Amino acid sequence: MTDRVTARVVVAGAVYDQGRLLAARRSAPPELAGRWELPGGKLEPGETPEQALVRELREELGVETEPVERVPGEWPLGPGYVLQVWTARLLSGEPRPLEDHDELRWLAVDELDAVDWLPQDRPAVDEAARRLRPEPPRPSPGSSDGVRG
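Residues numbered from 1 in each chain as written. Predicted model: local features only at pLDDT ≥ 70, side-chain atom pairs only at ≥ 80, totals over all residues. Heavy atoms only, no water.

**Q** I keep staring at the overall build of the chain and nothing clicks. Help me out?
**A** A tally of regular secondary structure across the chain gives two helices and seven strands. Listed N to C, the secondary structure of the chain is β-β-β-β-α-β-β-β-α in terms of helices and strands. With the model as given, the accessible surface of the chain reaches about 8800 Å², and the carbon-plus-sulfur share is 49%. (Helix = DSSP H or I, 4+ residues; strand = E, 2+ residues; numbered from the N terminus. Areas by Shrake-Rupley, 256 points an atom, 1.4 Å probe, with all protein chains shown as cover.)

Structure (structure tokens):
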């Protein structure tokens with residue numbers, strides 16, 4: 001029997017507000033600089049992923065958030081690391097690029113291709129976008145066109 005090494009978890013937030021997703025442009029390290037990602041960071045010992053996400057978004061962006069839903073999937077980041085993503089609701093603060101980023105952008109679902117995402121973030125962005133799409137309005141009961149008379 002072989003020992004399986006457990007990968008360290010990196011959490012990222014698909015932070016949304018008013019139907020838009022927050023994208024963060026990396027400023028470091030050099031091999032990632034200029035590419036876009038979902039903000040977040042490493043899980044620390046004793047933290048739940050949700051606690052790590054709230055802490056990381058506070059440190060990196062200066063905002064308070066609430067994790068909502070884990071995005072299905074897990075993506076390798078490099079030797080010994082995997083990315084897990086949660087959708088997160090912005091509770092307070094205006095996001096600012098405080099650490100590891102030099103620009104932030106709010107993107108509508110139809111604008112997600114406007115930035116150069118890191119390859120490991122792209123599947124998570126696509127999955128998160130499915131959760132952000134507004135549902136079409138439903139007609140009122142007993143009405144064929146949704147207009148009440």
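Okay, back to it.
**Q** I keep staring at the packing of aromatic side chains and nothing clicks. Help me out?
**A** For any pair of aromatic rings, the description consists of the separation of the ring centres together with the inter-plane angle of the planes. What the rule picks out here adds up to zero aromatic pairs. Above the plane of the ring of Trp86 lies Arg70, whose end atom (NZ or CZ) is 5.3 Å from the centre. (Phe/Tyr/Trp six-rings, centres within 6.5 Å; stacked < 30°, edge-to-face > 60°. Lys NZ or Arg CZ within 6 Å of the ring centre and 35° of its normal.)

**Q** Got a minute to help me understand unusual backbone geometry in this structure?
**A** The general pattern is negative phi for most residues beyond glycine and trans for most peptide bonds. Here the bond from Ala28 into Pro29 is cis, since omega is -10°, no more than 30 degrees from zero. Although it is not a glycine, Gln18 adopts a positive phi angle of roughly 50°. Take Gln18: it is sitting in the loop between strand S1 (8-17) and strand S2 (20-26).

**Q** Any chance you could explain the pairing of S1 here in plain terms?
**A** Each regular strand carries side chains that alternate between the two faces of the sheet. Where burial is concerned, most of S1 is hidden: eight out of the 10 residues are buried. Alignment of S1 against strand S6 (residues 81-92), held across nine bridges, turns out to be parallel. Paired with Val11 across the two strands is Gln84, which belongs to S6. Here three bridges tie S1 to strand S4 (residues 40-42), and the two strands are oriented antiparallel to one another. The residue bridging Val11 from the neighbouring strand is Gly41, located in S4. The pairing of S1 with S2 spans two bridges and is classified as antiparallel. Directly across from Asp17, in S2, lies its bridge partner Arg20. (Buried < 20%, exposed > 50% of the residue type's maximum accessible area, 1.4 Å probe, protein only. Pairing = 2+ DSSP bridges.)

**Q** Is there a simple way to explain the side chain of Glu60 in this structure?
**A** Along the chain, Glu60 turns up in helix H1 (residues 49-61). Among all residues touching Glu60, those that are not within four sequence positions of it are Pro39, Gly40, Arg96, Pro97, Leu98, Glu99, Asp100 and His101. (Contact = heavy atoms within 4.5 Å.)

**Q** Got a minute to help me understand the pattern of salt bridges in this structure?
**A** Pairing is possible between side chains that carry opposite charge, provided their charged atoms lie close to one another. A complete count under the given rule lists 15 salt bridges for this structure. Between Glu103 and Arg105 there is a salt bridge, with its nearest N and O atoms 3.2 Å apart. Given the relative accessible area of 34%, Arg105 is considered partly exposed. Within this structure, Arg25, Asp102, Glu103 and Arg105 form a network of salt bridges that share partners. (Salt bridge = Lys/Arg side-chain N within 4 Å of Asp/Glu carboxyl O.)

**Q** Quick question: what am I supposed to make of the nonpolar core here?
**A** One recurring pattern in soluble globular proteins is that nonpolar side chains are buried together. Leu21, Leu38, Val85, Leu112 and Trp117 are the most contacted members of the largest nonpolar core, which totals 21 residues. Of all the secondary-structure elements, those providing two or more residues to this core are S1, S2, strand S5 (64-78), S6 and helix H2 (122-132). Those residues within four positions of Val85 in sequence are excluded, and the remaining contacts are Ala12, Ala14, Leu38, Glu69, Arg70, Val71, Trp75 and Ala124. Core analysis: the second largest hydrophobic core is formed by 16 residues, Ala52, Val82, Ala88 and Leu90 among them. (Core = buried A, V, L, I, M, F, W, Y, C linked by side-chain atoms within 4.5 Å.)

**Q** Explain H2 here, please?
**A** Given 3.6 residues per turn, any residue in an α-helix points the same way as the ones three and four places further on. Listing the buried residues of H2 in full gives Ala124, Val125, Glu127, Ala128, Ala129 and Leu132. If you follow the buried residues of H2, they end up packed against S1, S2, S5 and S6.

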